[in-house]
Amino acid sequence: MQYVDEFRDPELAKTLLSHIRHKVSAIAKAGERPLQLMEVCGGHTHAIYKFGIDQLLPPEIEFVHGPGCPVCVLPMGRIDGCIEIAERPEVIFCTYGDAMRVPGRNGSLLDAKRRGADVRIVYSPLDTLTFAEQNPDKQVVFFGLGFETTMPSTALTLQQAKRRGLTNFSIFCQHITIIPTLRSLLEQPDVRIDGFLAPGHVSMVIGTTPYGFIAEDFHKPLVVTGFEPLDILQALAMLVDQIHDGRCEVENQYKRIVSQQGNALARKALDEVFELKESSEWRGLGSIAGSGVQLTPAYREFDAELRFNTQEHQVADDPQARCGDVLTGRCKPNDCPLFGTRCTPQNAFGALMVSSEGACAAYYQYRRGLA
Amino acid sequence: MAFTEKDVVTMAHGSGGQAMQQLIEQLFLQAFANPALNEREDQARIPLSLLTSVGDRLAFSTDSYVIDPIFFPGGNIGKLAVCGTVNDVAVSGAVPQYLSCGFILEEGLPLLQLEQIVKSMADTAAAAGVEIVTGDTKVVQRGAADKVFINTAGIGAIPGTINWGAQHIRPGDRILVSGTLGDHGATILNLRENLGLEAELTSDCAVLTPLIAPLREIDGVRALRDATRGGVTAILHEFAAASGCGMSINEGDLPVNPAVRGVCELLGLEPLNFANEGKLVIVVAPEAEQATLAALRAHPLGKDAAVIGTVTDTARVQLKGIFGASRLLDLPHSEPLPRIC
Ligand code: SF4
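Numbers given for residues are sequential positions, taken from 1 along each chain in its written order. Chains and ligands are labelled by the order in which they are written, letters from A for the one and numbers from 1 for the other. For a predicted model such as this one, the threshold for reporting local features is a pLDDT of at least 70, and the threshold for listing and counting side-chain atom pairs is 80 or more; totals across whole chains, interfaces and linings nevertheless cover every residue. The side-chain quantities take in all heavy atoms of the structure and omit both hydrogens and water.

### Some words on the site of the ligand
All names here are of chain A. Convention followed: The near set for a molecule or strand comprises every residue that places at least one heavy atom within 4 Å of it. Any residue with an atom within 4 Å of a point lines the site, the site being either a cavity, points on a 1 Å grid over the protein atoms alone where a 1.4 Å probe fits but cannot get out, or a pocket, an open set with protein on both sides within 12 Å along at least 5 of 7 lines. More than half of a molecule's atoms lying within 2 Å of a cavity's or pocket's grid points is what places that molecule inside it. Gly counts as polar in this scheme, as do all residues outside two lists: the nonpolar Ala, Val, Leu, Ile, Met, Phe, Trp, Tyr, Cys and Pro, and the charged Asp, Glu, Lys and Arg.
Inspection of the region around the ligand gives 13 residues, with Cys-323, Cys-336, Cys-343, Leu-352 and Cys-360 positioned closest. The cavity that encloses the ligand is the largest cavity. Of the residues contributing to the shell around the ligand, the split by class is eleven nonpolar, one polar and one charged.

### Details of helix 8 (residues 231-243) of chain B
All names here are of chain B. Heads up, the rule is: For helices the rule is a DSSP run of H or I covering at least 4 residues; for strands it is a run of E covering at least 2, with both sets numbered from the N terminus onward. What a helix is expected to span follows from its residue count: subtract one and scale by 1.5 Å. Only protein chains enter the accessibility calculation, which uses a 1.4 Å probe; a residue is then buried when its area is under 20% of its type maximum, exposed when over 50%, and partly exposed in between. In this analysis, two residues are considered to be in contact whenever any of their non-hydrogen atoms come within 4.5 Å of each other.
An ideal rise of 1.5 Å per residue puts 18 Å on 13 residues; helix 8 measures up with 19 Å between its terminal C-alpha atoms. Along helix 8, the residues that are buried comprise Gly-231, Val-232, Thr-233, Ala-234, Ile-235, Leu-236, Phe-239, Ala-240 and Ser-243. Residues of helix 8 that are buried make contact with strand 7 (174-177), strand 8 (221-226), strand 9 (246-250), strand 10 (280-284), strand 11 (306-312) and strand 12 (317-320). Gly-244 sits one or two residues past helix 8 and shows a positive phi near 75°.

### Some remarks on helix 6 (residues 183-192) of chain B
Since the α-helix turns once every 3.6 residues, residues separated by three or four places project in the same direction. Residue and element names in this part refer to chain B. Counting buried residues along helix 6, eight of its ten residues qualify, which places the element largely inside the surrounding structure. Every buried residue of helix 6 is accounted for by Asp-183, His-184, Gly-185, Ala-186, Thr-187, Ile-188, Leu-189 and Asn-190. Two residues or fewer after helix 6 comes Asn-194, characterised by a positive phi angle close to 55°.

### A few points about unusual backbone geometry
For the bond from Asp-68 of chain B to Pro-69 of chain B, the omega torsion is 0°, close enough to zero to count as cis. Note that Pro-69 of chain B resides in the loop between strand 1 (57-65) and strand 2 (71-72). Phi is positive for Asn-309 of chain A, close to 50°, though the residue is something other than glycine. Examined against the element boundaries, Asn-309 of chain A turns out to sit in the loop between helix 13 (304-307) and helix 14 (323-327). Relative accessible area serves as the criterion here: at 63%, Asn-309 of chain A is assigned to the exposed category. Although it is not a glycine, Arg-40 of chain B adopts a positive phi angle of roughly 55°. Mapped onto the secondary structure, Arg-40 of chain B falls in the loop between helix 2 (35-38) and helix 3 (48-52).

### Focus on the pattern of salt bridges
We apply this condition: A side-chain nitrogen of Lys or Arg and a carboxyl oxygen of Asp or Glu constitute a salt bridge if their distance falls within 4 Å.
Per the counting criterion, the structure on display carries 36 salt bridges over all chains. Of the charged contacts, one joins Asp-136 of chain B and Lys-138 of chain B as a salt bridge, the two residues approaching to 3.1 Å between their closest N and O atoms. Its salt-bridge partner being Lys-279 of chain B, residue Asp-204 of chain B comes within 3.1 Å of it at the nearest N-O pair. Separated by 75 residues along the polypeptide, Asp-204 of chain B in the loop between helix 6 and helix 7 (209-212) and Lys-279 of chain B in the loop between helix 9 (258-267) and strand 10 bring together distant segments of the chain. Several salt bridges share partner residues, and in doing so they unite Asp-190, Arg-322, Asp-325 and Arg-330 of chain A into one network.

### Considering the domain arrangement of chain B
In many reports, interface size means the accessible area that the parts give up when they come together. Residue and element names in this part refer to chain B. Threshold: For each domain, the first and last residues come from an automatic or database assignment. Once two parts are joined, some of their accessible surface, as seen by a 1.4 Å probe, is lost; buried area is that loss totalled over both. As used in this structure description, the phrase polar contact means that two N or O atoms lie within 3.5 Å; if the pair is within protein, one of them must be able to donate a hydrogen and the other to accept it, and residues adjacent in sequence are counted only when both atoms belong to side chains.
Domain parsing of chain B yields domain 1 (8-158) and domain 2 (166-328). Taking only C-alpha atoms, the centre of domain 1 and the centre of domain 2 are 28 Å apart. In this complex, domain 1 contributes 22 residues to the contact, which on the side of domain 2 involves 20 residues. Between domain 1 and domain 2, the buried area comes to about 1,600 Å², and carbon and sulfur atoms account for 67% of it. Of all residues in domain 1, the largest losses of buried area upon contact with domain 2 belong to Pro-73, Asn-87 and Val-91, amounting jointly to 32% of the total for that side. Between domain 1 and domain 2 we count six residue pairs in polar contact (both at pLDDT 80 or more) in total. Only strand 2, helix 4 (77-90), strand 4 (95-106) and helix 5 (111-128) provide two or more residues apiece to the side of domain 1 that touches domain 2.

What follows is the structure, encoded as structure tokens:
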């Protein structure tokens with residue numbers, strides 16, 4: 001009945017923490033900067049704050065909150081594009097709840113809904129096919145958003161739509177892929193990351209092999225990690241062990257879910273439906289080559305942006321906002337001048353404050369006012 | 001009244017004419033039958049002596065129920081409308097006695113469904129020892145309301161010896177809950193959003209009067225609330241604001257059903273923020289902790305009662321995690337949106 005189970009056993013946590021402390025004190029040299037470990041995924045950021053893992057660790061370890069929350073890296077212009085389509089009278093616009101509050105230039109999808117647009121939250125994109133079948137006189141558009149975690153279900157939905165011959169269904173594609181972004185991060189000269197906690201859910205699809213370059217080319221240790229607090233602590237222990245031993249390997253803490261080669265079926269569906277786009281815009285990080293996907297020619301008829309002939313929306317971020325610096329570990333959320341003033345969860349400027357997985361929201365929710 | 005599947009609410013049922021009289025006579029009056037209602041006046045007439053024999057202050061509360069879906073495991077909108085208001089009266093320490101109810105019906109609502117709702121209101125009220133003594137029915141055009149909305153108001157009298165209220169809360173007091181958290185909210189979310197979770201999710205919708213009654217005998221009970229919308233988090237914030245104290249609760253002590261926890265994990269939501277319809281949050285003096293816990297656990301509705309935390313003197317609401325680190329427990333600014341990616 002209680003909150004505690006095998007992945008949350010406080011005794012095991014204590015053992016892992018003392019192991020980490022012990023190893024870190026052997027690594028740390030006097031006067032050196034703390035180790036900066038990037039948790040790539042927003043789900044990890046959330047768990048770290050929720051369980052107070054950052055408070056339990058020795059000061060020689062600092063977390064850097066990476067770009068692995070698809071909502072946080074969503075550029076304003078893409079939301080504007082969604083709203084342009086959603087506000088057409090014939091459209092039923094469907095999205096995951098995550099994207100509802102992300103601000104665009106003219107407000108969020110939630111605002112568009114208030115203004116009268118038919119915007120619906122779905123839990124599975126397959127539901128949107130039912131809407132399409134039930135509303136033949138409407139155009140149903142699904143906002144396909146996320147990394148390899150959510151991509152397979154979008155792919156499956158598209159395959160179904162094609163099979164059923166649906167002509168009133170399309171997707172607004174904002175799927176992105178994490179690997180090129182990690183590479184581009186590591187290529188930036190002033191970003192200093194000593195090791196990575198890699199996302200469990202994404203890895204379930206892609207496997208662990210694609211991370212190989214991080215160890216081989218950039219000589220950084222990496223551990224693929226689950227989302228329970230003990231997963232994260234164990235992965236940290238593995239990471240610290242690698243650093244202590246001077247090793248740089250791709251290790252897998254999340255073996256119960258993630259295999260080396262990933263999920264072949266899901267990857268096959270992805271290959272059929274998606275192809276890499278030349279480049280993709282990331283909020284705060286700019287344009288990154290090969291980091292986004294678009295529909296393959298066989299599926300392009302389902303591309304909402306082509307169907308509704310939308311404009312490209314380019315919106316420059318506020319120069320004061322430091323979303324990009326937070327995402328790359330150059331600063332902490334509360335170093336941003338907008339943090340807690342112009343940017344709060346109630347009235348967010350940056351997406352890092354909107355998504356419950358965003359580093360700024362986590363900071364605001366769990367750390368504000370705590371010593 | 002024998003309705004068939006084809007019978008639905010029509011505008012005529014709200015016209016004040018024959019159709020309306022029939023509906024009132026054959027459905028409401030029969031289901032809710034009691035002396036005050038049977039007089040069929042425009043108001044219920046209640047002897048003051050009946051109230052003053054119980055207490056020296058009137059507790060009076062109202063709430064409107066607009067839930068979707070209207071039927072759910074563990075209850076329906078009618079049961080909810082009775083439980084909710086009865087509980088709002090009862091947490092003052094009063095003995096709830098009389099309810100009014102107002103219906104707003106959408107044209108097209110199947111009369112069989114309305115009958116089922118009204119029957120469960122009658123059953124719930126009877127079981128709680130409460131009479132539904134006056135009411136009102138309106139019908140609106142299809143689309144102007146969602147199936148059925150119900151407003152209930154309730155009164156009861158507060159015994160002279162009882163003076164519960166959040167302003168009496170002091171640092172060092174203990175915070176208790178009467179059972180598992182979030183069952184109602186998780187059940188409704190599962191249905192409304194078609195999550196299709198096969199888990200055993202049942203609303204905790206219940207009249208809490210019998211759980212509250214023995215607490216009147218215990219010295220040191222400071223304040224009681226039922227943790228409906230906004231869940232336990234909202235109540236803790238209300239307590240903190242009214243008393244100027246802080247609230248610190250322990251994550252490891254929170255009773256949560258595994259199925260509810262599953263929904264929360266899946267969607268990134270917090271059981272502490274989910275609505276309950278049959279759970280109390282109680283603050284008591286430290287000396288009263290054991291007696292209160294024992295009294296709660298003696299009743300089936302309180303078998304999972306637990307002490308979840310302590311009142312502090314730093315004016316903030318915080319949650320101590322299972323590993324010992326604390327975090328602020330923010331009041332969500334609106335209904336939480338589920339997280340998928
Ligand atoms: S506080 Fe707001 S603007 Fe500043 S970095 Fe965070 S999300 Fe961006």
